[in-house]
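For reference, the chains in residue letters:
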Amino acid sequence: FVDQGTSPFSMIVIGCAMAFTKGSQLEGSWRTYLALAIRMILVPIVLWHILTAAGIQYMAAGTFSVIFALPAAASTTMFCARYGKDQTLASTGVLLSTALSALTLPLLCGLLF
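Conventions we followed
- Residues numbered from 1 in each chain as written.
- Predicted model: local features only at pLDDT ≥ 70, side-chain atom pairs only at ≥ 80, totals over all residues.
- Heavy atoms only, no water.
- Helix = DSSP H or I, 4+ residues; strand = E, 2+ residues; numbered from the N terminus.
- Contact = heavy atoms within 4.5 Å.
- Phe/Tyr/Trp six-rings, centres within 6.5 Å; stacked < 30°, edge-to-face > 60°.
- Buried < 20%, exposed > 50% of the residue type's maximum accessible area, 1.4 Å probe, protein only.
- Lys NZ or Arg CZ within 6 Å of the ring centre and 35° of its normal.
- 1 Å grid on protein atoms, 1.4 Å probe; cavity = no way out; pocket = protein on both sides within 12 Å on 5 of 7 lines; lining within 4 Å.
- Points joined across faces, edges and corners; volume = space filled by probe spheres on them.
- Nonpolar A, V, L, I, M, F, W, Y, C, P; charged D, E, K, R; others polar.
- Polar contact = N/O pair within 3.5 Å; in protein donor to acceptor, adjacent residues only side chain to side chain.

Colleague: Would you mind going over the overall build of the chain with me for this structure?
Modeller: A tally of helices and strands in the chain yields 6 helices and 0 strands. Starting at the N terminus and ending at the C terminus, the chain contains elements arranged as α-α-α-α-α-α. Along the longest, intermediate and shortest principal axes, the C-alpha atoms of the chain span 50 × 40 × 25 Å. For the chain, the share of sequence-separated contacts (at least 6 apart) that also reach a separation of at least 24 residues comes to 73%.

Colleague: What is the right way to look at the packing of aromatic side chains in this model?
Modeller: In this description, a pair of aromatic rings is defined by centroid distance and the angle of the planes. Evaluated as defined, the whole model comprises 1 aromatic pair. An angle of 85° between the planes, with centres 5.8 Å apart, marks the rings of Trp-48 and Tyr-58 as edge-to-face. Highlighted residues: Trp-48 in helix H3 (residues 30-53) and Tyr-58 in helix H4 (residues 58-68), separated in sequence by 10 residues. Among the residues examined, Tyr-58 registers a relative accessible area of 43% and is labelled partly exposed. A cation sits over an aromatic face here: Arg-82 above Tyr-83, 5.4 Å from the ring centre.

Colleague: Help me understand the layout of surface pockets in this model?
Modeller: If you roll a probe as big as a water molecule over the atoms, it shows you where there is empty space left. Approximately 150 Å³ is the volume attributed to the largest pocket. If you trace the largest pocket, you find it lined by Thr-32, Ala-35, Leu-36, Arg-39, Ala-72, Thr-76, Leu-89, Ala-90, Gly-93, Val-94 and Ser-97. Those elements giving two or more residues to the lining of the largest pocket turn out to be H3 and helix H6 (87-112). With 5 residues, the single largest contributor to the lining of the largest pocket is H6. Here the lining of the largest pocket is composed, by residue class, of 6 nonpolar, 4 polar and 1 charged.

Colleague: Can you walk me through the side chain of Ser-65 in this structure?
Modeller: The topology assignment puts Ser-65 in helix H4. Here Trp-48 takes part through its backbone nitrogen, which lies 3.3 Å from a polar atom of the side chain of Ser-65. Discounting chain neighbours no more than four positions away, the residues touching Ser-65 are Pro-44, Leu-47, Trp-48, Leu-108 and Leu-112.

Limitation: the analysis is restricted to geometry and does not speak to function.
The structure is reproduced here in structure tokens:
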């Protein structure tokens, strides 16, 4: 029963964190975009090369690589709220990674498969 509420509650926390931030803060800095590019494009491609060089089947290597390219979990903001860290940065990362995944996932699938 509790596990069914995790995602909606995460989205509520993200919405509350974003409601109290300025629009300019939600755009993200160049460091945020660089971290997302590394996490969502570079790491999966490097991982795919490592896995295929290690003899892992082509489809399995591609599947693992695409899993690494998925957007940040919504629970990231909840953890930041729980441990007193920057909720705005976490919310921005979740928002941007989710939005950018609409571009990066098809690009990555086109490169790997």
